[in-house]
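One-letter residues, chain by chain:
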Amino acid sequence: MIELTTPFTKEKARMLKAGDQVLLSGVIYTGRDAAHKRLVDALEHNLPLPFDPMDAIIYFVGPAPAAPGEIIGSCGPTTSYRMDAYSPKLLSVGLRGMIGKGKRNDEVVEAMKEYDGVYFGAIGGAGALMAHCVKEVEVIAYEDLGTEAIRRLVVKDMPLTVVIDSKGRDLYKIGKEKYLHYAHED
Amino acid sequence: MKEIMASKITQAVAKMCKQANYQLPNDIKDCLYDAYEQEQYPIAKKTLGILKENLELAYSTQRPICQDTGMACVFVEIGQDVHVIGNLSDAINDGVRQGYQEGYLRKSIVRDPVLDRVNTNDNTPANIHYDIVAGDKLKITVAPKGFGSENMSRIKMMKPSDGIEGVKDFVLETVREAGPNPCPPVVIGVGIGGSFDTVGLLAKKAMLKNAHEHHPDKRYCAIEKELLERVNELGIGPAGFGGHTTALALHIQTAPTHIAGMPVAVAICCHVARKMEVEL
């Protein structure tokens, strides 16, 4: 288990490889479909982003509402490919990490290789557990989007797996092949 | 003629929306726990262990298992001898609105699919299907459906000459293509027959069948077992990290169709395969 803290610099990103298990602590930003569209629109119009993308990590999530006495509801990852249209642009301005689940397209992987990005997988459907890693929450932009608003989260020991590393190695391909090799050896 | 007050329906739907999101039905839970016991591959077993832990936490704290608390899919079997006092569809939508608000569930519905994607903020309208049946009972099933898996479902208008091998290939190709996206281990419903508009519903109903039940026709029952085994040989595994457990259950539902056609639909649900039913 690798302990990782933000800011997520190029040097830290380059050390990670597909399959590594990580405990992430520090500041991350939430964003999914509608927020990504706005972020990229802002970049295209040379407008400032609501947070500094340099060495930042975006978590693809739309949390459930917080119940009384809590700061956030269940908050597991959403499927990442819907952000594929936007991620290369954000990587090009310094975004270093993305947290989600599911496959990414070739354009995203190429951009990750070019700009030293890392794609982490959180376990889909384990939203109640993930909420326990979130220590602080603040909506910082696009409040009208509700669950899709951008939130600044402070997380502690968030369990993640490196799915695609900055060299483009992909755990979804490697993991499946390794398992099939193991199953056929039996 | 039996009379049922609309307010009673609203109450029942609201309660089911909450409960369905906090706890899995026993059949799916059994499948997940059995899969954990049987899984040999270390990372897959570890992932299934995390899913178990998440389920237990959600239940003990009465919080949603997953943040995607779904589109509220509601299946209604209404006996022809039932008279609802009030508006049935409104009563169901009121129940969804109330349940999602009171239960701190996420509101995930936008009012227009393309041009005006604005959240309705109360998770309505529900996606309601009605079946009129004999008798004086009203059966309501609430099945909140996440869209990470919904997006991986497929329909194909196949030719009769494609035969059962064509159906099997289509199912396997759909699950293989979906890979890690729908949050495996998944629950799969296969609809065969009917028409373009009904085959998706057949698949959805197959997906919602009790995991311990099988198709009454022994031939389809054998195909269900074969397909589940073959899906679990794909190697995708829990969370797509590799492993045996790619699917927990697979059901087929069939219907008569036209001489020229063989529609096939594959409905995929994540491991949070929620459903709750009540009979009024």
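Above this note sits the structure.
This section reports on the structure supplied with the text. Predicted model, so just to flag it, every value in this text is computed and none were measured.

Some remarks on the nonpolar core
Then comes step 1: The biggest cluster of nonpolar side chains holds 67 residues, and the ones touching the most others in it are Leu39, Leu90, Met98 and Ile150 of chain A together with Val187 of chain B.
Then comes step 2: Residue assignment places this core across two domains, with domain 1 (2-21 + 65-145) and domain 2 (148-273) of chain B each supplying three or more.
Then comes step 3: Leaving out residues up to four positions away in the same chain, Ile150 of chain A has contacts with Tyr29, Thr30, Ala35, Leu39, Pro50, Phe51, Glu138, Val139, Ile140, Ala141 and Tyr142 of chain A.

Digging into the packing of aromatic side chains
Each pair of aromatic rings is reported with the distance of its centres and the angle of its planes.
Then comes step 1: In total, this model carries six aromatic pairs over all chains according to the counting rule given.
Then comes step 2: With centroids separated by 5.6 Å and ring planes inclined at 45°, the aromatic side chains of Phe8 of chain A and Phe120 of chain A adopt a geometry described as tilted. Note that Phe8 of chain A is positioned in the loop between β1 (2-5) and α1 (10-15) and Phe120 of chain A in strand β5 (residues 118-121), a separation of 112 residues in sequence.
Then comes step 3: The class for Phe120 of chain A is buried, based on a relative accessible area of 0%.
Then comes step 4: Ring pairing ties together the aromatic residues Tyr179 and Tyr182 of chain A together with Tyr41 of chain B, which thus form one cluster.
Then comes step 5: Residue placement shows Arg38 of chain A over the ring face of Tyr142 of chain A; its charged tip is 5.2 Å from the ring centre.
Then comes step 6: Stacked on the ring of Tyr36 of chain B, the Lys or Arg Lys45 of chain B has its end atom at 4.6 Å from the ring centre.

Here we look at helix α4 (residues 106-115) of chain A
Residue and element names in this part refer to chain A.
Then comes step 1: Along α4, the residues classified as buried are Val108, Val109, Ala111 and Met112. Down the axis of α4, the buried side of the element spans an arc of 160°, and every buried residue falls inside it. In α4, the exposed positions angled more than 90 degrees off the buried face are occupied by Asp106, Glu107 and Glu114.
Then comes step 2: Lining the buried residues of α4 we find α3 (87-92), β4 (97-100), β5 and β7 (150-164).
Then comes step 3: With its phi angle positive at about 60°, Asp116 sits one or two positions after the end of α4.

A few points about the interface of chain A and chain B
Then comes step 1: Listed by partner, the interface residues are 40 residues for chain A and 43 residues for chain B.
Then comes step 2: A buried area of about 3,300 Å², summed over both sides, lies between chain A and chain B, and 60% of it is on carbon and sulfur atoms.
Then comes step 3: Summed over the three residues of chain A that lose the most area to chain B, namely Ile123, Leu129 and Tyr179 of chain A, the buried surface amounts to 19% of that side.
Then comes step 4: Connecting chain A to chain B are one salt bridge.
Then comes step 5: Put simply, Glu70 of chain A and Arg63 of chain B hold a salt bridge, and the shortest N to O gap is 2.8 Å.
Then comes step 6: In this structure, the connection of chain A to chain B is made through 14 residue pairs in polar contact (both at pLDDT 80 or more).
Then comes step 7: Mapped by element, the contributors of at least two residues to the side of chain A that touches chain B are α5 (127-131), β7 and α6 (171-185) of chain A.
Then comes step 8: The element contributing the most residues to the side of chain A that touches chain B is α6 of chain A, with eight residues.

Looking at the environment of Gln21 of chain A
All names here are of chain A.
Then comes step 1: By the secondary structure assignment, Gln21 is in strand β2 (residues 21-30).
Then comes step 2: For Gln21, a relative accessible area of 22% translates into the label partly exposed.
Then comes step 3: Separated by 61 residues in sequence, Gln21 and Arg82 place their C-alpha atoms 24 Å apart.

Concerning a nonpolar patch on the surface
Residue and element names in this part refer to chain B.
Then comes step 1: Taken together, the side chains of Ile155, Met157 and Phe196 make up a nonpolar region of the molecular surface, amounting to roughly 320 Å² of accessible area.
Then comes step 2: Position of Met157 among the secondary structure elements: in strand β6 (residues 154-158).
Then comes step 3: What makes Met157 partly exposed here is its relative accessible area of 49%.

Side note on the sheet that holds strand β9 (residues 262-269) of chain B
Residue and element names in this part refer to chain B.
Then comes step 1: Spatially, four strands are ordered β6-β9-β7-β8 in an open sheet, and the strand pairing comes out mixed. Edge positions in the sheet fall to β6 and β8 (247-257), since each of these pairs with one other strand and no more. On average, each strand axis in the sheet is tilted by 15° relative to the strand beside it, whichever way the strands run.
Then comes step 2: Pairing of β6 with β9 involves five bridges; the strand directions are antiparallel. Bridged to Ile155 within β9 is Ala265.
Then comes step 3: On the sheet, helix α8 (residues 218-231) packs against β7 (186-194) and β8 and is oriented at approximately 140° with respect to β8.

About the thresholds
Residues numbered from 1 in each chain as written. Chains lettered and ligands numbered in written order. Predicted model: local features only at pLDDT ≥ 70, side-chain atom pairs only at ≥ 80, totals over all residues. Heavy atoms only, no water. Core = buried A, V, L, I, M, F, W, Y, C linked by side-chain atoms within 4.5 Å. Buried < 20%, exposed > 50% of the residue type's maximum accessible area, 1.4 Å probe, protein only. Domains from an automatic or database assignment. Contact = heavy atoms within 4.5 Å. Phe/Tyr/Trp six-rings, centres within 6.5 Å; stacked < 30°, edge-to-face > 60°. Helix = DSSP H or I, 4+ residues; strand = E, 2+ residues; numbered from the N terminus. Lys NZ or Arg CZ within 6 Å of the ring centre and 35° of its normal. Arc of directions from axis to C-beta. Buried area = accessible area lost by both parts, 1.4 Å probe. Salt bridge = Lys/Arg side-chain N within 4 Å of Asp/Glu carboxyl O. Polar contact = N/O pair within 3.5 Å; in protein donor to acceptor, adjacent residues only side chain to side chain. Patch = residues over 30% accessible without salt bridge, like charges linked within 9 Å, V, L, I, M, F, W, Y side chains within 5 Å. Areas by Shrake-Rupley, 256 points an atom, 1.4 Å probe, with all protein chains shown as cover. Pairing = 2+ DSSP bridges. Axes fitted to C-alpha atoms, helices over the stretch in contact; angles between N-to-C directions.

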